[in-house]
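Take a look at the letters that make up each chain.
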Amino acid sequence: MASKKMLSVELGVQTTRICEIETNGKKTTVVNTCVFDTPEGTVEDGYVRNKDILAVSIRAAMQKKGMNAKEVVFSISSSKIANREVNMLVIADNKIGDFVKTNAQEYFPIEVEKYVITYKKLEKIKDGDQEKLRILVLAAPNDLIETYYELASVMGVEITAIDYAGNSSYQVLKKQNLKGVNVVVQLNEANTLINIMKGNVLLLQRTVPYGVSAVVDSALACGEFDIVDRNTAMEKLLSDTLVNPKLNESAIDDVALSYMDSNNDAYSQQIKQMKAKDQITDSFNYLVNNTIRVLDYYASKFPEERVENIYLA
């Protein structure tokens, strides 16, 4: 069987990731990868806003890495994509799609004709004496999907599939052979994906609208540590200890803050940096609080399935 190359592309507001893979039968091999800064204003919450500039940047990055695949799979991360878990009676696989589309209005408060509706089978469960099927139903706006077909046309490639970033993560986690119940918190550029898995079965998936960009913005705004742009902010966050071990626990009292405001010596500078670290650390409050809410909801929905490990990805 002849091998086949394909591109996997994830567009972020700040960063674009491209992976070229080669398939030969059931074997899949990563051939090449590249990451580059997304041109400003070309991507917004998953939408492609300037296909021409973005296509030029992608082709340039591919040429530099020697990538030549002509088929592409886009993985989309957007707050406009809605998802809901549904329990339904077990029916033939070839009838599930029609069932989901017929009942989509019950799942989402949307105009169904303006959305692409799809689903992912999760597991079979027992509900009393009945066997049911747990599925994850997704709804993506038509105009969001259309922007990717327009981009592919300008790039001169053919779209093989468009995937939801949450499903892409789920497919990877399924292959990790994790034992027991595990929480995987995936901190992305503009959002955080929380997957709760039991073995290779997805029990719960939620997206928190908070990502690395929020921390970078906070580091930029603090005015300390010689941070002048987003790149240096990211470098400092990765290499220096700019985040305190605990939230809402500042070591700066009112006297120290008063001294900082009225002096400009080494001690005052030290206090300013401590205050900056407090601000950067505080930017995690939203993520931590919402993650706790997701875990509380999970505990109420699956009281018998205790979480054993939490991983940060």
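See the structure above.
Everything numeric here is computed off the predicted structure, so don't read it as measured data. (Residues numbered from 1 in each chain as written. Predicted model: local features only at pLDDT ≥ 70, side-chain atom pairs only at ≥ 80, totals over all residues. Heavy atoms only, no water.)

### Focus on the pairing of strand 1 (residues 4-11)
- Where strand 1 and strand 2 (residues 15-24) come together, eight bridges link them in antiparallel fashion. Note that in strand 2 the partner of L11 across the bridge is T16.
- Here four bridges tie strand 1 to strand 6 (residues 71-76), and the two strands are oriented parallel to one another. Paired with S8 across the two strands is V73, which belongs to strand 6. (Pairing = 2+ DSSP bridges. Helix = DSSP H or I, 4+ residues; strand = E, 2+ residues; numbered from the N terminus.)

### Side note on the environment of Q270
- If you trace the backbone, Q270 turns up in helix 9 (residues 266-282).
- With 182 residues separating them along the chain, Q270 and M88 place their C-alpha atoms 60 Å apart.

### Here's the deal with helix 6 (residues 212-221)
- Buried within helix 6 we find S213, V215, V216, S218 and A219.
- In this structure, the buried residues of helix 6 make contact with helix 7 (230-239) and helix 9.
- Two residues or fewer after helix 6 comes G223, characterised by a positive phi angle close to 75°. (Buried < 20%, exposed > 50% of the residue type's maximum accessible area, 1.4 Å probe, protein only. Contact = heavy atoms within 4.5 Å.)

### Focus: the layout of surface pockets
- Put simply, the second largest pocket is a space of about 550 Å³.
- As for the second largest pocket, its lining consists of 23 residues, and the residues nearest its centre are L187, V215, F284, L287 and L312.
- Elements with a minimum of two residues in the lining of the second largest pocket: strand 11 (181-187), helix 6, helix 7, helix 10 (285-301) and strand 14 (309-312).
- The element contributing the most residues to the lining of the second largest pocket is helix 10, with five residues.
- Of the residues belonging to the lining of the second largest pocket, the class tally is 18 nonpolar, four polar and one charged. (1 Å grid on protein atoms, 1.4 Å probe; cavity = no way out; pocket = protein on both sides within 12 Å on 5 of 7 lines; lining within 4 Å. Points joined across faces, edges and corners; volume = space filled by probe spheres on them. Nonpolar A, V, L, I, M, F, W, Y, C, P; charged D, E, K, R; others polar.)

### Considering the sheet that holds strand 6
- Taking strand neighbours across the sheet as the criterion, the five strands line up as 3-2-1-6-10 in an open arrangement whose pairing is mixed. The open sheet has two edge strands with one neighbour each: strand 3 (27-37) and strand 10 (158-164). On average, each strand axis in the sheet is tilted by 20° relative to the strand beside it, whichever way the strands run.
- Summarising the sheet, strand 6 and strand 10 pair through six bridges and their orientation is parallel. Among the inter-strand pairings, E71 is bridged to a residue of strand 10, identified as E158. (Axes fitted to C-alpha atoms, helices over the stretch in contact; angles between N-to-C directions.)

### Some words on the pattern of salt bridges
- Taken as a whole and judged by the stated rule, the model has 11 salt bridges.
- Notably, a salt bridge pairs K4 with E71, separated by 3.1 Å at the nearest N-O pair. Highlighted residues: K4 in strand 1 and E71 in strand 6, separated in sequence by 67 residues.
- In this structure, R134 engages E85 in a salt bridge whose closest nitrogen and oxygen atoms are separated by 3.6 Å. Within this pair, whereas R134 is found in strand 9 (residues 130-141), its partner E85 is found in strand 7 (residues 82-89), the two being separated by 49 residues in sequence. An identical accessibility class is assigned to R134 and E85; each is buried.
- If you follow the salt bridges from partner to partner, you end up with E85, E123, R134, R206 and K301 in one network. (Salt bridge = Lys/Arg side-chain N within 4 Å of Asp/Glu carboxyl O.)

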